[in-house]
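Spelled out from the first residue to the last, the chains are:
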Amino acid sequence: MADSTESESRKLLVRLREAMAGDEAGQARLDKITHLIADSMGTEVCSVYLFRDDETLELCATEGLNTESVHQTRMRMGEGLVGRVAKYGKVVNTPDAPGAKGFRYMPETGEERFSSFLGVPVQRLGEKLGVLVVQSREERMFSADEVYGLEVVAMVIAEMTELGAFVGEGAALSPLHQQSVLLRGTSAQEGSAEGHVWLHEPRVVITNPIADDPHREMERLIEAVDELRVGVDKMLEVSLDGDKEQMQVLEAYRMFANSKGWMRRMEEDISRGLSAEAAVEKEQSQARARMSQVQDSYLRERLSDLDDLSNRLLRILTGQGATSSADLPVDPILIARNIGPGDLLEYGRSLRGVVLEEGSVGSHAAIVARALAIPLVVNAKRITTEALNGDHIMVDGEQGVVHLRPEDMVTTAFRDKMAMQAKAQERYSSIRDRPAVTKDGKTVNLMMNAGLMADLPSLESSGAEGVGLFRTELQFLVRNKMPKRTELAVLYKRVLDAGHGKRVVFRTLDIGSDKVLPYMKPTDEPNPALGWRAIRVGLDKPGVMRMQLQALMRAADGRPLTIMFPFVAQFEEYRAARAEVEKTLERERRLGHPLPEVLDVGAMLETPSLAFAPQKFFEEVGFLSIGGNDLKQFFFAADRENERVRKRYDTLNVSFLSLIERIVERCESTNTPLSFCGEDAGRPIEAVCLAAIGIRTLSMRPASIGPVKSLLLRVDLDALRKIIADARHRGEQSVRPAVMDYLRDL
Ligand code: PEP
Ligand code: MG
């Protein structure tokens, strides 16, 4: 194909399709394909290397190399020229292979006779499948046209591999998407779940990569692109009065949708014999390969826009992906690259679990999954390429492990574990209505954290004595525009109604840092966790805070009301916030609205500085709640969202416990009610230690109340307090080992 023409390229594809239509087993098909390609391109060699596992490529068929080396010759990713093509997803084209950088001689193949080498990646939507190579004796560079032609063929091979065309008798190939896979991610919400894969954005399956009539395909592509453009224009119109950032993204979409280069390449692919959808996917695969190499975040985002656009186009062309949640399988486990809190809420409690390829423990999706008590694993690399809709899947939210299409043995072990957890749950429900009184007669109040309407039924079922932390920002995060005062008042009223007089601590809006409202202009800060967030935003721009305070007072409608301000770092901030409450009260009074019967106003202690605030602050504040998640991150200077450093410092580290003890002492001396509402309150060992050093109110996820209570009922806090003191005197870094010894003896 040295002077290849488009029609020759098309002829080859048609021959390939005929080869596929035959009833040979997988290996015979693959052999036939290599023969056809070598013949059509006029090269002595054509070989197909496919991945055996993530790291190893295997020669699976060849025309021209020694046939004994088939299924024998293997190389690692990055090794030799073939390994290089696979690793970087880039073409290698050289007239002098033995002299090329990275060449590795494989004597069993007999390839020393061949001088020129052209290798192209076989890849499908970011999934690396293998490498297609042609070689010839003659020392020459392959022309751009030949490279292009081979890429088109590689695309077809990728589609065929995906469709399982090379699997079958006589083939040493294992089928894609059928083996069991274990993926390790990060645990973002505990719990175990078994179910079936539900892809948030299902993979489009292309059954017709080769087309007969390029004119028809061209028309199909143009029609689809027109539909896409109209769609993007519509999105732009809708958001015309909207947010500037969003407009910019849509403008970028429009630019791509009208991009001449993108269109031209796809038209060229079609003229070489690909169907319209195969042409779109070829461009998409190449964009994904580029995406994995690009460091620049702006460029990466643009490439990801292009990826998104290609997905839309594929859906238009194939009519696939228009599934609705009505088609959810039994026990659905949601798989997505990433997902916003709004989308996740739409699925709601119908999901058994969620696995995200990206995402982080502190992401909004994680907050929602936690609120919904759905096991969540984030950072599970390759999950979206590996999983197919309906696959059997098991999610271990404790360990952050995902078993996709598990073997029977794994399934059995996993079910045993789930059964044990269910038994434990039964045990917990039997103590639901008992107060948490320790062996030495001390009572600990167990409350729950909430933030969504979906949490309210847990108030009954968990046995919580109230809501110790209601994260009001969740209601703001799940919307795409600022909620109105009346809307909020209705929501807060429902919360108070569900509480039937139990205490509900409403925390005012805690946004900023990782919690970014889609409808508020984002601030570009070098350290958002230390930046303009929570009460700092509330005081600088008091409009929203005032609206929220009013909504709370109206919801209370004369009943007792508890308000807590987040992230207070110094006395003055509390005073200023408190003054806003007074102003709102005054306004409500003037308007003739009923005022709360009792109004309790407190603060979260989330920065070390507040532990050292003047005595007067402790006297004035209505109550304090320790936000251990933030307090710990600032105390140890370790980002709570950074997996590398997050686990490095133990909550039971003596320095951290000393800080908590100091807060306890200061609160005791001023009669200031104190609670702890960070995640550690819901971890049984941490919880009993916090109780031992004097914290008598713990607020946690509803699912943690049972396990925490169960342990509290068995411990003697005085004894535990002594164990903690002794470990500290011995100079230990963490009291955990000593505490564990004590608990084991119980
Ligand atoms: C905390 O910081 O411990 C806390 C409860 O608040 P959030 O996790 O919402 O920041
Ligand atoms: Mg916090």
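In case you missed it, the structure is sitting above this.
On a predicted model such as this, the values are computed, not experimentally measured, just so you know. (Residues numbered from 1 in each chain as written. Chains lettered and ligands numbered in written order. Predicted model: local features only at pLDDT ≥ 70, side-chain atom pairs only at ≥ 80, totals over all residues. Heavy atoms only, no water.)

S.K.: So, the packing of aromatic side chains: which residues are in play, and what are the values?
M.R.: Under the defined criterion, the tally for this structure stands at 10 aromatic pairs. Taking 5.7 Å as the distance between ring centres and 80 degrees as the angle between the ring planes, the aromatic pair formed by Y574 and F617 counts as edge-to-face. Of this pair, Y574 sits in helix 19 (residues 571-590) while F617 sits in helix 21 (residues 615-620), and the two are 43 residues apart along the sequence. Summarising the burial analysis for this pair, Y574 and F617 share the class buried. (Phe/Tyr/Trp six-rings, centres within 6.5 Å; stacked < 30°, edge-to-face > 60°. Helix = DSSP H or I, 4+ residues; strand = E, 2+ residues; numbered from the N terminus. Buried < 20%, exposed > 50% of the residue type's maximum accessible area, 1.4 Å probe, protein only.)

S.K.: Describe the site of ligand 1, and please don't skip the residues or the numbers.
M.R.: The environment of ligand 1 is made up of 14 residues, and the closest members are R471, R507, G627, N629 and R640. The contact in question runs from an oxygen atom of ligand 1 to an N or O atom on the side chain of R471, over 2.8 Å. Here an oxygen atom of ligand 1 sits 3.0 Å away from a polar atom, N or O, in the main chain of D630. For the shell around ligand 1, the elements supplying multiple residues, two or more each, are strand 17 (466-471) and helix 22 (628-635). The element best represented in the shell around ligand 1 is helix 22, accounting for three residues. (Near = heavy atom within 4 Å. Polar contact = N/O pair within 3.5 Å; in protein donor to acceptor, adjacent residues only side chain to side chain.)

S.K.: Can you lay out unusual backbone geometry for me, pointing to particular residues and giving the numbers?
M.R.: Notably, F567 is not glycine yet its phi reads approximately 60 degrees, a positive angle. With respect to the secondary-structure elements, F567 resides in the loop between strand 19 (561-565) and helix 19. Here F567 falls in the buried class, since its relative accessible area comes to 1%. One non-glycine residue, N671, lies in the positive phi region at around 55 degrees. Take N671: it is sitting in the loop between helix 24 (654-670) and strand 22 (674-676). Exposure remark for N671: the relative accessible area of 70% places this residue in the exposed category.

S.K.: Please provide a residue-by-residue account of the sheet that holds strand 3 (residues 74-76), values included.
M.R.: The six strands lie next to each other as 3-2-1-6-5-4, forming an open sheet whose pairing is antiparallel. The sheet is open, and its two borders are formed by strand 3 and strand 4 (92-94), each paired with just one other strand. Between one strand axis and the next, the sheet turns through 25 degrees on average, direction left out of account. Contacts from helix 2 (residues 26-41) reach strand 1 (45-51), strand 2 (56-63) and strand 6 (127-136) within the one sheet, and its direction differs from that of strand 2 by about 65 degrees. (Pairing = 2+ DSSP bridges. Axes fitted to C-alpha atoms, helices over the stretch in contact; angles between N-to-C directions. Contact = heavy atoms within 4.5 Å.)

S.K.: Explain the pairing of strand 6 to me, and be specific about the residues and the numbers.
M.R.: Of all 10 residues in strand 6, nine are buried, a share of seventy percent or more. Taken together, the six bridges between strand 1 and strand 6 define a ladder with antiparallel strand orientation. Directly across from V48, in strand 6, lies its bridge partner L132.

S.K.: With reference to specific residues and values, describe the state of the cysteines.
M.R.: Applying the stated rule across the entire model yields zero disulfides. For the unlinked cysteine C60, the closest cysteine sulfur is that of C46, found at 13 Å. Just so you know, C689 is unpaired, no disulfide at all, and the nearest cysteine sulfur is the one on C677, 18 Å from it. The class of C689 is buried, set by a relative accessible area of 1%. (Disulfide = S-S within 2.5 Å.)

S.K.: Lay out the coordination of the magnesium ion (ligand 2) with the relevant residues and their values.
M.R.: Each pair of donors in an ideal octahedron of six around a metal sits at 90 or 180 degrees, and each pair in an ideal tetrahedron of four sits at 109.5 degrees. With distances of 2.0 to 2.1 Å, the protein atoms coordinating the magnesium ion (ligand 2) are E606 (OE) and D630 (OD). Here E606 is found in the loop between strand 20 (599-605) and helix 20 (608-611), whereas its partner D630 is found in helix 22, with 24 residues between them in sequence. The same class applies to E606 as to D630, namely buried. (Donors = N, O, S within 2.8 Å, 3.2 Å for Na, K, Ca; no water.)

S.K.: Requested: an account of the nonpolar core, with residues and values cited.
M.R.: Membership of the largest hydrophobic core comes to 120 residues, with the highest contact counts inside it found for F565, F617, L624, I660 and L698. Judged by nonpolar contacts, the second largest core, of 39 residues, contains I33, M41, L118 and F142. (Core = buried A, V, L, I, M, F, W, Y, C linked by side-chain atoms within 4.5 Å.)

S.K.: Residues and numbers for helix 26 (residues 702-712), please.
M.R.: Of all 11 residues that make up helix 26, nine are buried, and the element is covered over most of its length. Regarding helix 26, the residues found buried are P702, S704, I705, G706, V708, K709, S710, L711 and L712.

S.K.: Just give me the short version of the pattern of salt bridges, but keep the residues and values in it.
M.R.: As enumerated under the stated definition, the model contains 53 salt bridges in all. Across the pair R415 and E194 runs a salt bridge, and its minimum N-O distance is 2.7 Å. Placement of R415 in helix 13 (residues 408-430) and of E194 in strand 9 (residues 192-199) is noted, with a sequence separation of 221 residues between them. (Salt bridge = Lys/Arg side-chain N within 4 Å of Asp/Glu carboxyl O.)

S.K.: Can you break down the environment of D510 residue by residue, with the values?
M.R.: Mapping D510 onto the fold places it in the loop between strand 18 (503-507) and helix 17 (535-540). Given the relative accessible area of 3%, D510 is considered buried. The residues contacting D510, other than those within four sequence positions of it, are E473, K515, R533, A534 and P566. At 3.4 Å, the side chain of D510 and the side chain of R507 are in polar contact.

S.K.: Can you lay out the side chain of R471 for me, pointing to particular residues and giving the numbers?
M.R.: Relative to the helices and strands, R471 resides in strand 17. Filtering out sequence-adjacent residues up to four positions away, R471 remains in contact with N449, A450, G451, R507, N629 and E679.

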